[in-house]
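Residue strings, one per chain:
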Amino acid sequence: MFFVTVTFGLYPGNAWANGDPSKGRASFAVCSTCHGRKAEGMESLNAPNLTGLQDWYMLTQLKNFKNGIRGNDPKDIYGQQMRQMAMTLTDEQAMRDVIAYIKTLRP
Ligand code: HEC
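Everything quoted here is computed from the prediction, not taken from an experiment.

1. Notes on the site of the ligand
Taken together, the neighbourhood of the ligand is formed by 21 residues, with Cys31, Cys34, His35, Tyr57 and Met82 sitting nearest. At 2.8 Å, a side-chain N or O of Arg70 approaches an oxygen atom of the ligand. Here the shell around the ligand is composed, by residue class, of 16 nonpolar, four polar and one charged.

2. What about the coordination of the iron atom of the ligand?
The protein atoms that coordinate the iron atom of the ligand are His35 (NE2) and Met82 (SD), at distances of 2.0 to 2.1 Å. Geometry at the iron atom of the ligand is octahedral, judged from its six donor atoms and the angles of 88 to 179° they form at the metal. Remark: Met82 occurs in helix α4 (residues 77–87) and His35 occurs in helix α2 (residues 21–35); sequence separation between them is 47 residues.

3. Here we look at helix α5 (residues 92–102)
Burial analysis of α5 places nine of its 11 residues in the buried class, the great majority of the element. Taken residue by residue, α5 has Ala94, Met95, Arg96, Asp97, Val98, Ile99, Ala100, Tyr101 and Ile102 as its buried positions. Lining the buried residues of α5 we find α2 and α3 (55–66).

4. Quick look at the nonpolar core
Ranked by internal contacts, the top residues of the largest apolar core, which has 14 residues, are Phe28, Ala39, Leu62, Leu89, Val98, Ile99 and Ile102. Mapped by element, the contributors of at least two residues to this core are α3 and α5. Tallying contributions element by element places α5 first for this core, with six residues. Non-local contacts of Ile102, meaning those with residues more than four positions away in its chain, are made with Phe28, Ala39, Leu50 and Met58.

5. Some thoughts on the pattern of salt bridges
Overall, the coordinates contain two salt bridges when judged by the stated rule. Linking Lys63 and Glu92 is a salt bridge whose minimum nitrogen-to-oxygen distance equals 3.1 Å. Of this pair, Lys63 sits in helix α3 while Glu92 sits in helix α5; the two residues are 29 residues apart in sequence, bridging distant segments of the chain. On the basis of relative accessible area, Lys63 is assigned to the partly exposed category, the value being 29%. The partner of Arg96 in a salt bridge is Glu92, and the shortest N-O contact between them spans 2.8 Å. With a gap of four residues between them, Arg96 and Glu92 both fall in helix α5, about one helical turn apart. Judged by relative accessible area, which is 16%, Arg96 ranks as buried. Residue Glu92 is classed as partly exposed on the basis of its relative accessible area, which comes to 34%. Here the salt bridges share partners, and the residues they tie into one network are Lys63, Glu92 and Arg96.

6. Concerning the packing of α3 against α5
It is at 10 Å that the axes of α3 and α5 come closest, and there the two elements cross at 135°. Accordingly, the angle class assigned to the pair α3 and α5 is oblique. Note on packing geometry: the crossing formed by α3 with α5 is right-handed. Every residue of α5 that contacts α3 at Asp55, Met58, Leu59, Leu62, Lys63 and Lys66 is listed here: Glu92, Met95, Arg96, Val98, Ile99 and Ile102. Among the residues forming the contact of α3 with α5, the class breakdown is seven nonpolar, no polar and five charged.

What counts, and at which threshold
Residues numbered from 1 in each chain as written. Predicted model: local features only at pLDDT ≥ 70, side-chain atom pairs only at ≥ 80, totals over all residues. Heavy atoms only, no water. Near = heavy atom within 4 Å. Polar contact = N/O pair within 3.5 Å; in protein donor to acceptor, adjacent residues only side chain to side chain. Nonpolar A, V, L, I, M, F, W, Y, C, P; charged D, E, K, R; others polar. Donors = N, O, S within 2.8 Å, 3.2 Å for Na, K, Ca; no water. Tetrahedral: all angles 85-135°; square planar, octahedral: opposite > 155°, others 65-115°. Helix = DSSP H or I, 4+ residues; strand = E, 2+ residues; numbered from the N terminus. Buried < 20%, exposed > 50% of the residue type's maximum accessible area, 1.4 Å probe, protein only. Contact = heavy atoms within 4.5 Å. Core = buried A, V, L, I, M, F, W, Y, C linked by side-chain atoms within 4.5 Å. Salt bridge = Lys/Arg side-chain N within 4 Å of Asp/Glu carboxyl O. Axes fitted to C-alpha atoms, helices over the stretch in contact; angles between N-to-C directions. Parallel < 35°, antiparallel > 145°, perpendicular 65-115°, else oblique. Left-handed = near helix turned anticlockwise from the far one by under 90°.

From the geometry alone we can't say anything about function, so treat these as descriptive.
Quick look at the structure:
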């Protein structure tokens, strides 16, 4: 009970209960090479800060990348890079897990 209280108290984003941050943590290792260890973003790689984003927004974007709605234009070099990464997330649960982990990081 103490753990639950503390978790929800510190990170209200975790109220989105469909992802498992402990599983998402492993997937985030690859994301961190571009987005930074705390998802703070990396200007030199054009990788945006993810910490302030809504969970539902990130889920939509990851699906868009994976489905080729985003990042599919050969001229869109950065979008294409991110698309490759979205492909590594095998299914929606994997996306929800990694998003749940991102939501534990402080903006
Ligand atoms: C090779 C570098 C790289 C890696 C690794 C990477 N990304 Fe990205 N990501 C980017 C870039 C660059 C963009 C911006 C794409 C654009 O301009 O459309 C982006 C965009 C995003 C966005 C959309 C942000 C927005 O504001 O719309 C999300 C969400 C995201 N990344 C999540 C992830 C996750 C989760 C992972 C790990 C599975 C990951 N990224 C791994 C480079 C990367």
